[in-house]
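Survey of secondary and tertiary structure
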Amino acid sequence: KAGVTQTPRYLIKTRGQQVTLSCSPISGHRSVSWYQQTPGQGLQFLFEYFSETQRNKGNFPGRFSGRQFSNSRSEMNVSTLELGDSALYLCASSLRQGSMLNTGELFFGEGSRLTVL
Amino acid sequence: AQTVTQSQPEMSVQEAETVTLSCTYDTSESDYYLFWYKQPPSRQMILVIRQEAYKQQNATENRFSVNFQKAAKSFSLKISDSQLGDAAMYFCAYRSNRRQAGTALIFGKGTTLSVSS
């Protein structure tokens, strides 16, 4: 079974630009969540999507947005990039909470490393 | 709000020895999961071990075991017979089992484990 796939793996942007990151979950997983990882703040939850709907959101400004498609693939977008947005963005997939098969585990991708200059 | 604290930014161990990583958390909930995730350098995060709060028995996965003290809100990870491949950043994480919380994980800041031969 293929794992969680994130693209692109590395990218460099300049302040003020926007960026879109993509995530393909494990087949059969319908929940996709996003995390930001920085040396200073650690791992912080951005948002979670299930059935094309945002189910939960972390404490990030509105510049951070996302969406999920009918095939469960997800994208996140960051507009008006700031230097502080430089981070590793991790996508994780899981079975929906409440499923009898849901062990509570998240499966992570390798991440997209964003550098903002 | 729930918090997770890892008080050891760095730990070191020699091959074949045992090391314990500490984690404490704060929550008012009674139904939740606790996890230890491993993030090797430049590689994806993988689950090491999980514990359901309602289970009194400590989880064990091969050389990895936890000491779950619910009343003390402590969740330490013991790695026995350490191997070079165990070198990584280890994250302790909390997940509420409330449906409204979705699958969001709250992470500690991480402990970098180095293993020497």
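Shown above is the structure to which this text applies.
Structural notes, computed from the coordinates. From a predicted model like this one, the values you see are computed outputs, not experimental measurements.

Quick look at the environment of A:Thr7 now. Residues and elements named next belong to chain A. Structurally, Thr7 is set in strand 1 (residues 5-7). Residue classification places Thr7 among the partly exposed residues on the basis of a relative accessible area of 41%. Separated by 33 residues in sequence, Thr7 and Gly40 place their C-alpha atoms 24 Å apart. Excluding anything up to four places from it in sequence, Thr7 contacts Leu21, Ser22 and Ser112.

Right, let's get into the nonpolar core. Inside soluble globular proteins, nonpolar side chains tend to come together where they are buried. Grouped together as the largest cluster of nonpolar side chains are 25 residues, with contacts concentrated most on B:Tyr25, B:Trp36, B:Phe75, B:Leu77 and B:Tyr90. Mapped by element, the contributors of at least two residues to this core are strand 3 (19-21), strand 5 (32-39), strand 6 (46-52), strand 8 (64-69), strand 9 (74-79), strand 10 (88-96) and strand 12 (111-116) of chain B. Counting residues per element, this core draws most heavily on strand 10 of chain B, at 4 residues. Setting aside residues up to four positions removed in sequence, B:Leu77 forms contacts with B:Val19, B:Thr20, B:Leu21, B:Trp36, B:Val48, B:Ile49, B:Phe64, B:Ser65, B:Val66 and B:Tyr90. Ranked by size, the runner-up nonpolar core spans 21 residues in total, among them A:Val19, A:Tyr49, A:Leu81 and A:Tyr89.

On the chain B side, the residues contacting the 26 residues of chain A number 22 residues. For the pair chain A and chain B, the summed buried area comes to about 2,000 Å², and 46% of that belongs to carbon and sulfur atoms. Where chain A touches chain B, the interface holds 0 salt bridges. Summed over the shared surface of chain A and chain B, the result is 7 residue pairs in polar contact (both at pLDDT 80 or more).

What follows is about the packing of aromatic side chains. Under the criterion given, the structure shown has 16 aromatic pairs over all chains. For the ring pair B:Tyr25 and B:Tyr94, a centre distance of 6.3 Å and an interplane angle of 35° mean the geometry is tilted. Here the residue B:Tyr25 occupies a position in strand 4 (residues 24-26), and B:Tyr94 occupies one in strand 10, the gap between them amounting to 69 residues. Note on accessibility: B:Tyr25 and B:Tyr94 belong to one class, buried. Put simply, the rings of A:Tyr35, A:Phe45, A:Phe108, B:Tyr33, B:Phe35, B:Tyr37, B:Phe91 and B:Phe107 touch in pairs and so form one group of aromatic residues.

Attention now moves to the pattern of salt bridges. A side chain of one charge can pair with a side chain of the opposite charge when the charged atoms of the two come close. Tallied over the full model, the rule gives 10 salt bridges over all chains. The residue B:Glu52 makes a salt bridge to B:Lys55 at a minimum N-O spacing of 3.8 Å. Assessed through its relative accessible area of 11%, B:Glu52 is described here as buried. Classification of B:Lys55 by relative accessible area gives partly exposed; the value is 38%. Each of A:Arg63, A:Glu82 and A:Asp85 takes part in a single network of salt bridges with overlapping partners.

A word on the environment of A:Phe45. For A:Phe45, the position within the fold is in strand 5 (residues 42-50). Separated by 40 residues in sequence, A:Phe45 and A:Thr5 place their C-alpha atoms 18 Å apart. Other than its neighbours up to four places away in sequence, A:Phe45 contacts A:Ser33, A:Trp34, A:Tyr35, A:Asn56, A:Lys57, A:Gly58, A:Asn59, A:Phe60, B:Ala104 and B:Leu105.

Here the residue pair A:Thr7 and A:Pro8 is connected by a cis peptide bond, since its omega of -10° sits within 30 degrees of zero. Looking at the secondary structure, you find A:Pro8 in the loop between strand 1 and strand 2 (10-13). Of note in the backbone geometry, B:Ala16 takes a positive phi value of approximately 75° without being a glycine. Among the secondary structure elements, B:Ala16 is positioned in the loop between strand 2 (10-14) and strand 3. Positive phi, normally seen in glycine, also occurs at B:Lys73, with a value near 55°. Within the secondary structure, B:Lys73 is located in the loop between strand 8 and strand 9. The class of B:Lys73 is partly exposed, set by a relative accessible area of 25%.

The rules behind each value
- Residues numbered from 1 in each chain as written.
- Chains lettered and ligands numbered in written order.
- Predicted model: local features only at pLDDT ≥ 70, side-chain atom pairs only at ≥ 80, totals over all residues.
- Heavy atoms only, no water.
- Helix = DSSP H or I, 4+ residues; strand = E, 2+ residues; numbered from the N terminus.
- Buried < 20%, exposed > 50% of the residue type's maximum accessible area, 1.4 Å probe, protein only.
- Contact = heavy atoms within 4.5 Å.
- Core = buried A, V, L, I, M, F, W, Y, C linked by side-chain atoms within 4.5 Å.
- Buried area = accessible area lost by both parts, 1.4 Å probe.
- Salt bridge = Lys/Arg side-chain N within 4 Å of Asp/Glu carboxyl O.
- Polar contact = N/O pair within 3.5 Å; in protein donor to acceptor, adjacent residues only side chain to side chain.
- Phe/Tyr/Trp six-rings, centres within 6.5 Å; stacked < 30°, edge-to-face > 60°.

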